[in-house]
Amino acid sequence: MRQITRFAAIATMGIALIAGSIAPALALAKPTLADIYNPLKVVKAELTLPQTSVDSLNNQATLTTYVPGSVAFSVDGKSSGSIDIKIRLKGSTSLYPLDETPSFKIKFQKDAAGQGYLGLNRMTLNGMVQDTSKLHEYGSYLMFNSMGVPAPKTGWVWLVINGVDKGLFANIEQPDQVFMQKRFKDITQHIYEGVYFEDFNFGNSDGDNKTGSYLVDYGWKVTPNKNDLSNAIDYVNDWDPKTWYTGLSTVFDRTELINFIALENFLGHWDGYSGPNINNYYIRSNTRGKFSFIPWGTDQTFGEHRGTKDILGDNFYLPLISDSSKQPFSDRYHNRGRLYTQCVNYSVCRTAYLQALKAISAKSTSINLVGKMKAVAKVISPYIQKQFKSQPDLLREITSEQTRTYSYVPTRITQISKLNYGFFGFANQ
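All values reported here derive from a predicted model rather than from experimental measurement.

Novice: Looking at this structure, I do not really get the overall build of the chain. What am I missing?
Specialist: Scanning the chain for helices and strands turns up twelve helices and 14 strands. Taken over 429 residues, the chain has a buried fraction of 51%. At a minimum sequence separation of 6, the contacts of the chain that also span at least 24 residues come to 67%. Total accessible area on the chain is roughly 19200 Å²; 55% of this is exposed by carbon and sulfur atoms.

The following block contains the structure:
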């Protein structure tokens, strides 16, 4: 009996030791970046805000001011635990208070090594209120990255705030210094954010990091001037097309630039740089003063503009080649981004642009863009059904917009194939 008792005790100790070795391993299981930015997964984000932060984010005067809070991410049985953050609301026409469906910018606190959560400094969560399909940002950034234009990674978040479900959000990688370190081999000098309707015109290197036609998101502390931007503007405004095109390669990654504007047009990004709003883009310079474009704000692409209450009546195809374009929600025409218009008005650059459009068309087919968007739609469908279960009309609109998004791609490819490659001095095409 004593022998049996001893064996039982040893067995119990062994089980305890094994359990003890497993428990810490399970406790250490945390989401990775591959989980956070995986378009085929939905991560749960539980946001906890004190009442003072809630009040601030519901006050029109302080919506865009960072306030304290905490967040915990979980997916596939993994959990980050509580993470201290600062959070604010974002948007222009889509700036809504916390009680509605806003979009968010999150700042992670840095550790002793200067690293934030999973090495991230910031994160953007978009409420997708201007994207009925819920697919446009995913599909757009997939195409930019596929063509070698650095663009955000995307994922999905089911957001819960103080125990209340807020629904599905697009998780968009922020184009900050962490992003640039991963995507570029050289050193970042500045990250500029373009201001609505502003362009590379003389005098637009004005202001400091928080004012002027271009705001500085990064680099001002080390290089507190906009000399690199001023130099680029000088080249952009060269009056002779040939010397302009040659000089362009001095201050821009010219191939990336042409791919960038071609992608904006393929996707119909009318609210981007080469559209009538000259909006939603970042430019990044290295220490030699050479710039690259980074796309942003691609929610109203693939023919959608939300200019009417009729979802199927707001289709808008941005002209592939035109000096100006009307805004889809009005009859007003505006000049498009000057780098785009100068390119399509100079035969050598125009040819490169048209070749880029053809390459993008082929790439969208080879990567099965439509098939990938359909696969993602299947993943997020249960969450959309949950979020809008009391709004059957909106659920039907979402399905209709997704179907139209799929049909946009082959239609655009056909339009590109019919462009007149030998015609210059054009009207809208």
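Novice: Please clarify how the state of the cysteines should be interpreted in this entry.
Specialist: In a disulfide, the sulfur atoms of two cysteines are held together by a covalent bond. The tally for this structure, following the rule as stated, stands at one disulfide. Between the sulfur atoms of C343 and its disulfide mate C349 the distance is 2.0 Å. The sign of the S-S torsion, about -95 degrees, decides the handedness of the disulfide formed by C343 and C349: left-handed. For the pair C343 and C349, one class covers both residues: buried.

Novice: How should I be thinking about the packing of aromatic side chains in this particular structure?
Specialist: The geometry of an aromatic ring pair comes down to the distance between the two centres and the angle between the two planes. By the definition in use, this model includes 25 aromatic pairs. When the centroid spacing of 5.7 Å and the interplanar angle of 80 degrees are considered together, the rings of Y282 and W296 count as edge-to-face. Taken together, the residues Y282 in strand β11 (residues 281-286) and W296 in the loop between β12 (291-295) and β13 (324-326) connect sequence positions 14 residues apart. Neither Y282 nor W296 differs from the other in exposure class; each is buried. Here the aromatic cluster, defined as three or more aromatic residues joined through ring pairs, consists of F144, Y192, F200, Y214, F252, F260, Y273, Y281, F291 and F293. The cationic tip of R284 hangs over the ring face of F184; the distance from NZ or CZ to the ring centre is 4.0 Å. Above the plane of the ring of Y406 lies K374, whose end atom (NZ or CZ) is 5.4 Å from the centre.

Novice: Help me understand the pairing of β12 in this model?
Specialist: In regular strands, side chains alternate between the two faces of the sheet. Burial analysis of β12 places five of its five residues in the buried class, which makes it a mostly covered element. Side-chain alternation along β12 places F291, F293 and P295 on one buried face and S292 and I294 on a second face that is also buried. The pairing of β11 with β12 spans five bridges and is antiparallel. When the bridges of β12 are listed, I283 appears paired with F293. Counting the residues between successive antiparallel strands, the hairpin from β11 to β12 contains four residues, one of them, G289, with a positive phi of roughly 80 degrees.

Novice: What's the story with helix α7 (residues 241-251) in this structure? I'm lost.
Specialist: Each turn of an α-helix holds 3.6 residues, which means side chains three or four residues apart point in the same direction. Here α7 has its buried residues at W244, Y245, G247, L248 and V251. The inward-facing, buried residues of α7 abut α6 (227-236), α8 (254-267), β12, α9 (338-344) and α10 (347-366).

Novice: I tried to follow the pattern of salt bridges on my own but got confused; where do I start?
Specialist: Any two side chains of opposite charge can pair if their charged atoms end up close together. Applying the stated criterion across every chain yields a total of nine salt bridges. When the shortest N-O distance is used, the salt bridge between D35 and K78 registers 3.0 Å. With D35 in helix α2 (residues 33-36) and K78 in strand β3 (residues 78-79), this residue pair connects regions lying 43 residues apart in the sequence. The buried category is assigned to D35, whose relative accessible area is 3%.

Novice: Honestly, the confidence of the model for the chain in this entry has me stumped. Any pointers?
Specialist: Detailed reading of the predicted coordinates is not advisable wherever pLDDT falls low. Mean pLDDT over the chain: 89, with 89% of residues reaching 70 or higher. Note on residues 1-26: pLDDT under 50 across the span, and one contact to partners over four residues away in sequence or across chains. Note that pLDDT drops below 50 for residues 423-429; the model gives that stretch 22 contacts with residues more than four away or on any other chain.

Novice: Please explain the sheet that holds β11 as it appears in this structure.
Specialist: The pairing of strands in a sheet happens through backbone hydrogen bonds and is either parallel or antiparallel. Taking strand neighbours across the sheet as the criterion, the four strands line up as β10-β9-β11-β12 in an open arrangement whose pairing is antiparallel. In the strand order of this sheet, the two ends are held by β10 (214-218) and β12, each with one partner. Pairwise comparison of adjacent strand axes, ignoring direction, gives a mean angle of 30 degrees for this sheet. Contacting β11 and β12, α8 crosses the sheet at an angle of about 25 degrees to β12.

Novice: How do you make sense of the nonpolar core when you look at a structure like this?
Specialist: The tendency in soluble globular proteins is for nonpolar side chains to be buried as a group. Within the largest apolar cluster, 81 residues are counted, with the highest numbers of intra-cluster contacts made by F200, F252, F293, L339 and Y353. For this core, the leading source of residues is α8, giving eight residues. Every residue in contact with F200, bar those within four places of it in the chain, is listed here: Y214, L229, I233, V236, N237, F252, Y273, I283, F293, R338 and L339. Listed in part, the 29 residues of the second largest apolar core include L49, V67, I106 and M123.

Novice: For this particular structure, what's the right way to read α8?
Specialist: If you check α8, its first and last C-alpha atoms are 20 Å apart, about what 14 residues at 1.5 Å a residue would give, namely 20 Å. Counting buried residues in α8 gives twelve out of 14 residues, a clear majority hidden from the surface. Along α8, the positions that sit buried rather than exposed are E256, L257, I258, N259, F260, I261, A262, L263, E264, N265, F266 and L267. Positive phi appears at G268, one or two residues downstream of α8, with a value of about 70 degrees.

Novice: Help me out: how do you make sense of the side chain of Q189 in this one?
Specialist: Mapping Q189 onto the fold places it in strand β9 (residues 188-194). In this structure the side chain of Q189 is engaged in a polar contact, spanning 2.9 Å, whose partner is the backbone oxygen of N286.

Novice: So what exactly am I meant to see when it comes to the environment of K378 here?
Specialist: With respect to the element layout, K378 can be found in helix α11 (residues 369-387). The exposure class of K378 is exposed, given its relative accessible area of 69%. K378 sits 338 residues away from L40 along the chain, and the two C-alpha atoms are 9.0 Å apart.

Novice: I tried to follow unusual backbone geometry on my own but got confused; where do I start?
Specialist: Phi is mostly negative for residues that are not glycine, and the peptide bonds are mostly trans. The residue L118 is not glycine, and still its phi comes out positive at about 55 degrees. With a relative accessible area of 31%, L118 lands in the partly exposed category. One non-glycine residue, N368, lies in the positive phi region at around 60 degrees. Examined against the element boundaries, N368 turns out to sit in the loop between α10 and α11. With a relative accessible area of 43%, N368 lands in the partly exposed category.

What counts and what doesn't
- Chains are numbered independently. Their residues run from 1 in the order of the written sequence.
- With the structure being a predicted model, the display of local features is reserved for residues of pLDDT at least 70 and the display and counting of side-chain atom pairs for 80 or more, all residues being used for whole-chain, interface and lining totals.
- Heavy atoms from the whole structure form the basis of all side-chain values; hydrogens and water molecules are not counted.
- A run of H or I in DSSP counts as a helix once it spans at least four residues, and a run of E counts as a strand once it spans at least two, with each numbered from the N terminus.
- Partly exposed describes any residue whose relative accessible area lies between the buried limit of under 20% and the exposed limit of over 50%, with all areas from a 1.4 Å probe on protein chains only and scaled to the type maximum.
- The contact criterion used throughout is that any non-hydrogen atoms of two residues lie within 4.5 Å.
- What sets the accessible areas is the Shrake-Rupley method with a 1.4 Å probe; for residues, cover comes only from the shown protein chains.
- Disulfide: a pair of cysteine sulfur atoms within 2.5 Å of each other.
- Stacked, edge-to-face and tilted are the three classes for Phe, Tyr and Trp ring pairs, Trp counted by its six-membered ring, which pair at centre distances within 6.5 Å; planes under 30 degrees apart are stacked, over 60 edge-to-face, the rest tilted.
- In this analysis the charged atom, NZ for Lys or CZ for Arg, is taken to sit over a ring once it is within 6 Å of the ring centre and within 35 degrees of the ring normal.
- A pair of strands counts as paired when DSSP detects no fewer than two bridges linking them.
- The term salt bridge refers to a side-chain nitrogen of Lys or Arg lying within 4 Å of a carboxyl oxygen of Asp or Glu.
- Values of pLDDT, the confidence the predictor places in each residue, fall between 0 and 100.
- Angular values range over 0 to 180 degrees, each being the angle between N-to-C directions of two axes fitted as lines to C-alpha atoms, with helices fitted over their stretch in contact.
- Among the buried residues, those of types Ala, Val, Leu, Ile, Met, Phe, Trp, Tyr and Cys that are joined through side-chain atoms within 4.5 Å form a nonpolar core.
- For a helix, the expected span equals 1.5 Å multiplied by the number of residues minus one.
- In the analysis that follows, any N or O atom pair within 3.5 Å is treated as a polar contact, provided that within protein one partner can donate a hydrogen and the other can accept it, and provided that, for residues neighboring in sequence, both atoms belong to side chains.

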